[in-house]
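# Chains, contacts and geometry: an overview
One-letter residues, chain by chain:
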Amino acid sequence: TADAIPLFERASRENELSAVPVANLAGAMLELGRRDEAVREYRRALTLDPTQAESASNLARLLREKGETRQALAVLETARAAGSLAPVVTLERGMAKAELGDLAGALADFREAARRDPANPVPLENAARAAFQLGQARAAAQLYEQLLRLTPSRGDLWKTLGAIRLE
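### Examining the side chain of Thr151
Structurally, Thr151 is set in the loop between helix H9 (137-150) and helix H10 (155-166). The residues contacting Thr151, other than those within four sequence positions of it, are Pro121 and Leu157.

Structure below.
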């Protein structure tokens with residue numbers, strides 16, 4: 001990974017208008033634990049292309065981890081306003097909304113992310129939890145059932161669904 005950084009930097013200089021090498025540079029820095037530099041490069045990539053989904057979602061996640069959830073949500077809202085409808089952006093936006101206490105908004109985002117990426121169990125699981133926390137037991141059970149169709153070997157989900165049905 002460290003060897004890739006100068007190559008991404010060179011690619012960025014070769015095509016200063018492309019966000020791709022900048023995003024790749026940010027990803028390499030993140031992989032090496034250079035989080036502050038990764039944040040800077042993700043911001044630069046989004047300046048070049050505000051719709052770049054991986055940059056927006058990764059930057060937002062890094063900001064959330066630093067306790068800057070409102071800034072994370074602003075990054076994601078900017079990406080959405082620019083036209084990014086990628087499931088990772090929607091999923092991460094749901095995470096930020098959940099952290100800020102907007103469970104209804106988070107549930108809507110998790111459902112949308114699951115609709116856009118039906119093979120990914122993460123948005124479904126988050127949606128099921130949000131629905132349950134909102135007191136929507138029937139919706140939570142239905143979401144857990146969908147999730148179990150994707151991951152039938154997860155015993156914890158079967159137990160959770162059983163508990164919801166019992167209630």
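What follows continues from the structure just given.
### Thoughts on the nonpolar core
Among the nonpolar cores identified, the biggest contains 22 residues, and Ala38, Tyr42, Ala56, Leu59, Leu62, Val75 and Val89 are the most heavily contacted of them. Elements with a contribution of two residues or more to this core: helix H2 (20-31), helix H3 (35-48), helix H4 (53-65) and helix H5 (69-82). The element that contributes the greatest number of residues to this core is H4, accounting for 6 residues. The contact partners of Val75, leaving out residues within four places of it in the chain, are Leu46, Ala56, Leu59 and Leu63. In terms of nonpolar packing, the next biggest core, distinct from the first, is built from 21 residues, Leu91, Phe110, Leu124 and Ala140 among them.

### As for H4
Taking 1.5 Å per residue as the helical rise, H4 with its 13 residues ought to reach 18 Å, and the 18 Å between its terminal C-alpha atoms agrees with that figure. Most of H4 sits out of view: 10 of its 13 residues are buried. Those residues of H4 that are buried are in contact with H2, H3, H5 and helix H6 (87-99). Residue Gly67 follows H4 closely and has a positive phi angle near 85 degrees.

Conventions adopted
Residues numbered from 1 in each chain as written. Predicted model: local features only at pLDDT ≥ 70, side-chain atom pairs only at ≥ 80, totals over all residues. Heavy atoms only, no water. Helix = DSSP H or I, 4+ residues; strand = E, 2+ residues; numbered from the N terminus. Contact = heavy atoms within 4.5 Å. Core = buried A, V, L, I, M, F, W, Y, C linked by side-chain atoms within 4.5 Å. Buried < 20%, exposed > 50% of the residue type's maximum accessible area, 1.4 Å probe, protein only. Expected span 1.5 Å × (residues − 1).

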